[in-house]
Amino acid sequence: MGMTDPIADLLTRIRNASRARHQKVAVPYSHLKENIVKVLIDEGYLKDQKKVKAAIGGGDEMIITLKFDRESRPIILGMKRVSKPGRRVYVGAQEAVPVRKGLGIHVLSTPKGILVDREAQRAKVGGELICTVW
């Protein structure tokens, strides 16, 4: 049986692994997930990612290396899935409000690809509000 919301699964795996202070987490691979993880790496929330063949079953996996501060506290304090399969949420170019007074980010799926809210405002494009990270 397939997953209903693979993006929510990605966010939950990252959130749980960082709270448990695991260094790495494995998730099933997809291009959309890879682009979301690349945005989180560029923003400094994750360290690295790589695509590998799955050990069990077919398909590929993505190994994500998590990031921690000097006291080994996770960099990611929270992640929330905003647009869900049952209720899609779309925002215009200037409609995305700052997360935690600018300390977090919104990740959007736009016609120009997966972008952070700041980049989407600069490019003057709106799109689906995938998740919020702080």
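See the structure above.
These numbers were taken from a predicted model, which means no experiment stands behind them. (Residues numbered from 1 in each chain as written. Predicted model: local features only at pLDDT ≥ 70, side-chain atom pairs only at ≥ 80, totals over all residues. Heavy atoms only, no water.)

## So, the nonpolar core
Then comes step 1: Counting 27 residues, the largest nonpolar core has Ile14, Leu40, Leu46, Ile64, Leu66 and Val133 as its most contacted members.
Then comes step 2: Looking at this core, the elements that each hand over two or more residues are α1 (6-19), β1 (24-28), α2 (31-42), β3 (60-66), β6 (105-110), β7 (113-116) and β8 (127-133).
Then comes step 3: With five residues, α1 is the largest single contributor of residues to this core.
Then comes step 4: Not counting chain neighbours up to four residues away, the residues in contact with Val133 comprise Leu40, Tyr45, Ile76, Gly78, Met79, Val99, Gly104 and Ile105.
Then comes step 5: Counting seven residues, the second-largest nonpolar core is a separate cluster that includes Val91, Leu108, Ala120 and Val125. (Core = buried A, V, L, I, M, F, W, Y, C linked by side-chain atoms within 4.5 Å. Buried < 20%, exposed > 50% of the residue type's maximum accessible area, 1.4 Å probe, protein only. Helix = DSSP H or I, 4+ residues; strand = E, 2+ residues; numbered from the N terminus. Contact = heavy atoms within 4.5 Å.)

## Describing the pairing of β7
Then comes step 1: Bridge count between β6 and β7: four bridges; the pairing is antiparallel. Bridge pairing in β7 links Val107 to Val116.
Then comes step 2: Hairpin connection from β6 to β7: two residues lie between these consecutive antiparallel strands. (Pairing = 2+ DSSP bridges.)

So far we have only geometry, and geometry alone does not tell us how the molecule works.
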